[in-house]
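What follows is the residue order along each chain.
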There are 2 protein chains.
Amino acid sequence: MIINIGRQLGSGGREIGEKLAVALGYSYFDKELISIAAEKSGFNAKFFEKADEDVPKSISGNFLGMPFHFTGAGNAFSSGLTNEALFQIQSEVIQGLAQKQSSVFVGRCADYILRERTDCLNIFICANVNDRIKRICNIHEESENKAKERLEKIDKQRAEYYEFYSGKVWGKAESYHVCINSSVLGIDGTVNFLLELIQKTK
Amino acid sequence: MIINIGRQLGSGGREIGEKLAVALGYSYFDKELISIAAEKSGFNAKFFEKADEDVPKSISGNFLGMPFHFTGAGNAFSSGLTNEALFQIQSEVIQGLAQKQSSVFVGRCADYILRERTDCLNIFICANVNDRIKRICNIHEESENKAKERLEKIDKQRAEYYEFYSGKVWGKAESYHVCINSSVLGIDGTVNFLLELIQKTK
């Protein structure tokens, strides 16, 4: 079984994903996908880091509701790889991993990449904005204002990335099987709640 | 405790709300709010029915992210009541009911109207589009095409109504505590799952 997690920055989605993976005995993939994709491609991981959850620079969004895949020359990194080529490599990595083992994937459009599978549970984690700011302040040791700026910037980027490739709206209920605000039950409470749901859907 | 449920048309949100109310011994309010509001106002229920979950006709949406409350003369019904006056009366009814008894409210911006309370659990129910069309066909005894049209029209209207009064995005995860696709566990499975969540938050 595969668990895909979308998440607002600072919502605890990553921690929830890690704890779910431990509890279920599943493999966990988040930033790890970058180094695996880099290794597979033979290119330096820095190209993947730069493009991580980012849309091609010259165009973004959808055209008449269809993801629009034109890539101009301006999108090429000095590596010669476009963001979309990097997305393609990462997609193959995600598909390969999902075929081999029960996994938790965080972000990176994994729900869309694995849309043909019937054994995925797609989750979105949000949280009250104050809790998110507090969490970001702790992780990055920065001021509340900086954390708020970071939150807005990264969420916008994640939304664009998700919508560009999947054609669905990031953070909208109908794009997932279940969405939960982690401020309601806390991180561990949310993990336990999701474990019960996973048991029911198995 | 108060349970507020937003729902896509045909998602089973109403049935889930009714079953939750029965299981919890709570009062259930959906269309009943119309006749109570009408009785309170002394106006005929048909004015409330006409305005039910609908925004003022001459303007809709938000202005710079703020709900915009101007009502032109064109919005007045022959009753002399504007949609906003009806919303106001219905808000008072919802607040009064919530003060008297543990309740389940379906739609009608109850989550926003009761936002000052700390004992609300706000839920959004969606479902796979095929399941929604099937459900609407059964209820209204109409063709799939008609059901699809109805679904799109009513969801648009609900979204506009919710966004106009609450300033939040209808059907977006961050507007609720939990969102669930009722196709995953079915109606009764979703009810049981939500009952467990309600127990945890009490």
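Residues numbered from 1 in each chain as written. Chains lettered and ligands numbered in written order. Predicted model: local features only at pLDDT ≥ 70, side-chain atom pairs only at ≥ 80, totals over all residues. Heavy atoms only, no water.

**Notes on the pairing of strand 6 (residues 120-126) of chain A**
On a regular strand, each side chain points to the face opposite its neighbour's, so the side chains alternate between the two faces of the sheet.
Residues and elements named next belong to chain A.
Then, number 1: In terms of residue burial, strand 6 counts as a mostly covered element, since 7 of its 7 residues are buried.
Then, number 2: Of the two faces of strand 6, both are covered, the one formed by C120, N122, F124 and C126 as well as the one formed by L121, I123 and I125.
Then, number 3: Direction of pairing for strand 1 (residues 2-7) relative to strand 6: parallel, over a ladder of 6 bridges. In the strand pairing of strand 6, N4 is matched with N122.
Then, number 4: Where strand 6 and strand 7 (residues 178-181) come together, 4 bridges link them in parallel fashion. The partner of I125 across the bridge, within strand 7, is I180. (Buried < 20%, exposed > 50% of the residue type's maximum accessible area, 1.4 Å probe, protein only. Helix = DSSP H or I, 4+ residues; strand = E, 2+ residues; numbered from the N terminus. Pairing = 2+ DSSP bridges.)

**A short note on the side chain of R7 of chain A**
Then, number 1: Tracing the chain through its elements places R7 of chain A in strand 1.
Then, number 2: In this structure R7 of chain A touches G13, E53, V106, G107, R108, F124, I125, R158 and W170 of chain A, once residues within four positions along its chain are discounted. (Contact = heavy atoms within 4.5 Å.)

**Remarks on the interface of chain A and chain B**
Then, number 1: If you look at the interface, chain A gives 22 residues, while chain B gives 22 residues.
Then, number 2: When chain A packs against chain B, close to 1900 Å² is buried across both sides, 66% of that on carbon and sulfur atoms.
Then, number 3: By the criterion of area lost to chain B, the three top residues of chain A are H177, F193 and K200 of chain A, representing 26% of everything that side buries.
Then, number 4: Our count for the chain A to chain B interface comes out at 2 salt bridges.
Then, number 5: K200 of chain B is paired through a salt bridge with E196 of chain A; the nearest N and O atoms lie 3.0 Å apart.
Then, number 6: Counting the contacts that link chain A with chain B gives 9 residue pairs in polar contact (both at pLDDT 80 or more).
Then, number 7: Listing elements by their share of the side of chain A that touches chain B, those giving two or more residues are strand 6, strand 7 and helix 8 (182-201) of chain A.
Then, number 8: It is helix 8 of chain A that contributes the most residues to the side of chain A that touches chain B, 7 residues altogether. (Buried area = accessible area lost by both parts, 1.4 Å probe. Salt bridge = Lys/Arg side-chain N within 4 Å of Asp/Glu carboxyl O. Polar contact = N/O pair within 3.5 Å; in protein donor to acceptor, adjacent residues only side chain to side chain.)

**Some points on the confidence of the model for chain A**
All names here are of chain A.
Then, number 1: Residue-level pLDDT values for chain A average 86, and 87% of them are 70 or greater.
Then, number 2: Predicted confidence in chain A is weakest over strand 3 (residues 62-63), with a mean pLDDT of 43, and strongest over strand 7, with 98.
Then, number 3: Scored below 50 in pLDDT, residues 58-65 shows 14 contacts in the model against residues more than four places distant or in partner chains.
Then, number 4: Interface scoring of the predicted complex returns ipTM 0.85; its pTM is 0.87. (pLDDT = per-residue confidence, 0-100.)

**Considering the side chain of Q90 of chain A**
Then, number 1: By the element assignment, Q90 of chain A lies in helix 4 (residues 83-100).
Then, number 2: Ignoring anything within four residues of it in the chain, the contact list for Q90 of chain A reads L33, I34, A37, D52, R108 and Y161 of chain A.

**Side note on the pattern of salt bridges**
All names here are of chain A.
Then, number 1: With the rule as written, the count across this model stands at 24 salt bridges over all chains.
Then, number 2: Between R14 and E18 there is a salt bridge, with its nearest N and O atoms 3.4 Å apart. One end of the pair is R14 and the other is E18, both in helix 1 (residues 13-24) and 4 residues apart, which spans about a single turn.
Then, number 3: When its relative accessible area of 37% is taken as the criterion, R14 is described as partly exposed.

**Details of the relation of the copies chain A and chain B**
Then, number 1: Mapping chain A onto chain B leaves a residual RMSD of 0.0 Å; the transformation is a rotation of 180 degrees accompanied by 0.0 Å of translation along its axis. Look at the turn and shift together and you get a two-fold axis relating the two. Of every C-alpha in chain A, the one belonging to K172 of chain A sits nearest the axis of rotation, 2.1 Å from it.
Then, number 2: The fraction of interface residues of chain A whose copies in chain B are also interface residues reaches 100%, indicating that both copies meet through the same surface. (Least-squares fit on C-alpha atoms with pLDDT ≥ 70 in both.)

**Regarding helix 8 of chain A**
Then, number 1: End to end, helix 8 of chain A covers just 21 Å across 20 residues, shorter than the expected 28 Å (1.5 Å per residue, more than 12% under).
Then, number 2: Here helix 8 of chain A has its buried residues at S182, L185, I187, T190, V191, F193, L194, L195, L197 and I198 of chain A.
Then, number 3: Packing partners of the buried residues in helix 8 of chain A comprise strand 1, helix 1, strand 6, helix 6 (129-140) and strand 7 of chain A together with helix 8 (182-201) of chain B.
Then, number 4: Capping of helix 8 of chain A at its N-terminal end is provided by N181 of chain A; its side-chain oxygen lies 2.8 Å from the backbone amide nitrogen of S183 of chain A. (Expected span 1.5 Å × (residues − 1).)

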